[in-house]
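# Architecture and fold: a report
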Amino acid sequence: MHREAVVWSQRLVFALAIATLLFASWSETPRAQTDISGNWRPLPRNQDGSGMIGDLAGVPVSPGGRWRAESWSPDDFDVAEWVCRPHAWDYSLEGPLSAMRLWADVDQATQEVIAYHGHINQSEQETTIWMDGRPHPPANALHTWSGFSTGEWDGDTLVVTTTHLKETYIRRWGIMRSDQSVVRTRWRRMGTYLQATSILYDPVYLTEPYIRTTMMWVYDPALLMGPYPCEEATETAVPRGNVPHYLPGQNLLPSWNRAIVDDFGTPYEARLGGPETMYPEYIAKMKAFPRAAAAPAGSTERGR
Amino acid sequence: MSRLPRAATSRLILASVTVMTTLGVFGFAERVSTQAGQGGVRQAAWPPALRGPAPGEVEVLPVQGQVFLITGAGANITVQAGEEGILLVDTGLASMSDKVWAAVQTISKGKLRYVINTTEHADHTGGNATIAAKGETVPLRERTYTAGPMGTLEYNRASVISYLTVLHRMSAPTGQAAPTPQAAWPDNTYSTPQKRFYFNHEPVVITHQPANTDGNSVVLFRKSDVVSAGDLLDLTGYPLIDLKAGGSLQSIVQALNRLIDTTVPAAHASGGTLVIPGHGRIADHAEVAYYRNMTTIIRDRIQDMIRKRMTLEQIKAARPTRDYDARYGRATGAWTTDMFVEAAYRSLAAGTN
């Protein structure tokens, strides 16, 4: 009798083990542990750059990108056509510390995520990240501020590829990325925190990919998302049809003035940016550059 | 045959079960966290290649409302199709006519009633003869009518509209050789600031807009909210300046400002009125603004250099387009950066407007 009980208990345990394995194999249906949906509050961080207006340090600008920045005038923001120009989605993630809501479209039949949608408070920019394997649109389709995005999982990281972007700024003082740019964004949720890393590829104004790594949000279900409307301006400080810019060699922004230096002592040569200025080795090289003694006069740096 | 003791057998079984269960649970957890199996999504190629039409092929893209775009046939072709038939803006290269017509037929089987030429250049008008012959002019009189000017209209051909100078440049005075066959010539010209009509239940407003030549036309489909801009907007390169045909950089800047005034953006400077350029992708108000900025900045630089009495060679050496060359410049082909700078210089130096 005792021996029979042992045999039955062994059979029971075996059956349980096989059932566990079968369940594990069958259970392909994804769960929500890495779901990025929710209301996300941005966490403060240091923006890149020294803060001196016109500073290109740390950005791998091409010569064309540097020349483009040199012609940029702050009056650009008062051009009527640009009054409602939003921060593009990729800049919104890094620049304005803006609240963000992400939500999923789920196919009811399969319970698979078809797409994630994103809404960011600044200028009400929205994105859709297609998860269903669809191709990107034809080359001649319209470009938008958010572009066209597709996503796929790399482990627990959502990797998003964005094409069809409009030209916009990398920093809001003339460092531009072109409409040929492609952005790869890696989203990673760690409990109640969400992190994004973006890698910007631009064959026109960058010589190497530009990587942003400082973007972090915390889950906040009580987050309020306010409206952020904008109506096209027809009258601004800049007469219609005018395009403010500096002629070559005549830029008046502080960073382009060799005679002054910022709070960090960033030399003029470093402020011209370029791929070399991204890497730590450049710090040693920078020590050999002359530094101006004069501080900029007036309100020339962010936060002053 | 030797046998393990019962206690040892039980321990072995228990250990096996523990290992299998653990593996099972961990395997399950892994699938849950990665969602890797979802939809069998393949790793996308990087960087993603954007598809345009293959060489020698055309592609149809819906634009907005009743308007479509055909690319790949030389200049872009705008198609407006509805209950009353088909209207084309430009006809592309002559060699692509059959493929263009086949593409038009995928949009509508209606009658081709109108062709509008935005300029006389061959990449815009090359298909006129073949394609217009597929159509039929809207009859203004009964077919047997012979009295008066209406009697001269040829019904078995779509009406080809253009600004008057386009006809002048495609034809020639009697007795002289014309650069294009008569079958390609516009037969419905205008010489006023605007020509307007109502077709497919929407206003079609054709505006004379000197820019690349003195005879550019810009076509607004008012209900579809689409503008066909012709070569005034070329998102693949610097704007063509045809000096012999009266084009100038200053005219292009002015025309782009008028195009900006015509287009109304939707919220946050995106979408709204859509613009079909002469070459390149579908655009909107913001894209026109960027292009206007580029042409204006280059104009101002060259103008400044002219004021400083720099020669053409000095201006070319100073590279007034240098920050835009990687986007719009070409070293070879029919319209190079060098040709653009030279034409811009000559039109500005002459004060051509």
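Just above sits the structure.
Residues numbered from 1 in each chain as written. Chains lettered and ligands numbered in written order. Predicted model: local features only at pLDDT ≥ 70, side-chain atom pairs only at ≥ 80, totals over all residues. Heavy atoms only, no water.

### Considering the overall build of chain A
To keep it simple, the criterion reads: Each helix is a run of DSSP H or I of at least 4 residues and each strand a run of E of at least 2, with the numbering of both proceeding from the N terminus. Exposed residues in this analysis have more than 50% of their type's maximum accessible area, buried residues have under 20%, and partly exposed residues fall in between, with area computed by a 1.4 Å probe over protein chains only.
Secondary structure assignment for chain A yields five helices and eleven strands. With 304 residues in all, chain A has 53% of them scored as buried.

### Quick look at the layout of surface pockets
All names here are of chain A. Let me state the cut-off plainly: Within this scheme a cavity is a closed region of a 1 Å grid, computed over the protein atoms alone, that accommodates a 1.4 Å probe without allowing it to escape, whereas a pocket is open but has protein on both sides within 12 Å along at least five of seven lines; lining residues each have an atom within 4 Å of a point. Grid points are joined across faces, edges and corners, and a volume is the space filled by probe spheres set on the points. Throughout this entry, Asp, Glu, Lys and Arg are counted as charged residues, while Ala, Val, Leu, Ile, Met, Phe, Trp, Tyr, Cys and Pro are counted as nonpolar. The remaining residues, Gly among them, count as polar.
Counted as a void, the second largest pocket has a volume near 410 Å³. Lining the second largest pocket are 20 residues; nearest its centre among them are A57, G58, T277, M278 and M286. No other element matches helix α5 (residues 281-286), which puts three residues into the lining of the second largest pocket. For the lining of the second largest pocket, a count of residues per class yields eleven nonpolar, six polar and three charged.

### Description of the nonpolar core
Residue and element names in this part refer to chain B. Test applied: Nonpolar cores were defined as sets of buried Ala, Val, Leu, Ile, Met, Phe, Trp, Tyr and Cys residues, with membership established by side-chain atoms within 4.5 Å. Contact criterion: two residues are considered in contact whenever any of their non-hydrogen atoms come within 4.5 Å of each other.
With 52 residues, the main nonpolar core has L233 and L259 as its most contacted residues. Looking at this core, the elements that each hand over two or more residues are β10 (217-221), β11 (226-234), α6 (249-262), α7 (285-307), α8 (312-318) and α10 (337-349). Here this core takes ten residues from α7, the largest share from any one element. Here L259 is in contact with V218, V227, A229, L232, V275 and V288, once residues within four sequence places are set aside. Core analysis: the second largest hydrophobic core is formed by 21 residues, I161, Y190, I206 and V226 among them.

### Let's talk about the side chain of S270(B)
Structurally, the position occupied by S270(B) is in the loop between α6 and β12 (274-279). Apart from residues lying up to four places away in sequence, S270(B) is in contact with W145(A), K166(A), P265(B) and D284(B).

### Concerning the state of the cysteines
Here, the word disulfide means a covalent bond between the sulfur atoms of two cysteines. Residue and element names in this part refer to chain A. Condition: The disulfide criterion is simple: two cysteine sulfur atoms within 2.5 Å.
According to the stated counting rule, one finds one disulfide over all chains in the structure shown. What pairs with C84 in a disulfide is C230, and their sulfur atoms sit 2.0 Å apart. Taking the torsion about the S-S bond as the criterion, the C84 to C230 disulfide, at about -90°, is left-handed. In this pair, C84 sits in the loop between α2 (63-70) and α3 (89-94) while C230 sits in the loop between β11 (210-219) and α4 (268-271), placing the two residues 146 residues apart along the sequence. Residue classification places C84 among the buried residues on the basis of a relative accessible area of 7%.

### Some points on the packing of α6(B) against α7(B)
Residue and element names in this part refer to chain B. For the record, the criterion: Orientation is described by axes fitted as lines to C-alpha atoms, over the contacting stretch for helices, and by angles from 0 to 180 degrees between their N-to-C directions. Should an angle lie under 35 degrees it is considered roughly parallel, over 145 roughly antiparallel, and from 65 to 115 roughly perpendicular; all remaining angles are considered oblique. The handedness criterion is simple: a crossing whose near helix is rotated anticlockwise from the far helix by less than a right angle is left-handed, and one whose near helix is rotated clockwise is right-handed.
Running from N to C, α6 and α7 point in directions that differ by 155°, and their axes come no closer than 9 Å. The orientation of α6 relative to α7 falls into the category roughly antiparallel. Considering only the axes of α6 and α7, their crossing is left-handed. On α7, the residues touching L249, Q250, I252, V253, L256, N257, L259 and I260 of α6 are H285, V288, A289, Y291, R292, T295, T296 and R299. Taken together, the residues that form the contact of α6 with α7 break down as nine nonpolar, five polar and two charged.

### Brief notes about the sheet that holds strand β4 (residues 85-89) of chain B
All names here are of chain B. Applicable threshold: The rule for pairing is simple: two strands pair if DSSP sees at least two bridges between them.
Spatial strand order, β1-β2-β3-β4-β5-β6-β7: seven strands in an open sheet with mixed pairing. Strands at the two margins of the open sheet, each flanked by one partner only, are β1 (59-64) and β7 (188-190). Neighbouring strand axes in the sheet, compared pairwise and without regard to direction, differ in orientation by 20° on average. As judged from the five bridges shared by strand β3 (residues 77-82) and β4, these two strands associate in the antiparallel manner. Counterpart to Q80 in the pairing with β4 is L87.

### Examining α6(B)
Residues and elements named next belong to chain B. Short version of the rule: In this analysis, the expected span of each helix is defined as 1.5 Å times one less than the number of residues it contains.
Over its 14 residues, α6 runs 20 Å from end to end, which matches the ideal 20 Å to within 8%, given 1.5 Å per residue. With ten of its 14 residues buried, α6 lies for the most part within the structure. Contacts made by the buried residues of α6 are with β10, β11, β12, α7 and α10.

### Quick look at the pattern of salt bridges
Counted only if it meets this: Salt bridge, as used here, is a side-chain nitrogen of Lys or Arg placed within 4 Å of a carboxyl oxygen of Asp or Glu.
The full count for this structure, using the stated rule, is 32 salt bridges over all chains. Its salt-bridge partner being D187(B), residue R157(B) comes within 2.8 Å of it at the nearest N-O pair. Separated by 30 residues along the polypeptide, R157(B) in the loop between α4 (128-132) and β6 (159-163) and D187(B) in the loop between α5 (164-170) and β7 bring together distant segments of the chain. In this structure D187(B) comes out as partly exposed when scored by relative accessible area, which is 34%. A salt bridge links R169(B) to D214(B), with the shortest nitrogen-to-oxygen separation between them at 2.9 Å. Highlighted residues: R169(B) in helix α5 and D214(B) in the loop between β9 (202-208) and β10, separated in sequence by 45 residues. Here D214(B) falls in the partly exposed class, since its relative accessible area comes to 25%. Beyond isolated ion pairs, a larger network of salt bridges with shared partners links K166(A), D179(A), R281(B), D284(B), E287(B) and R327(B).

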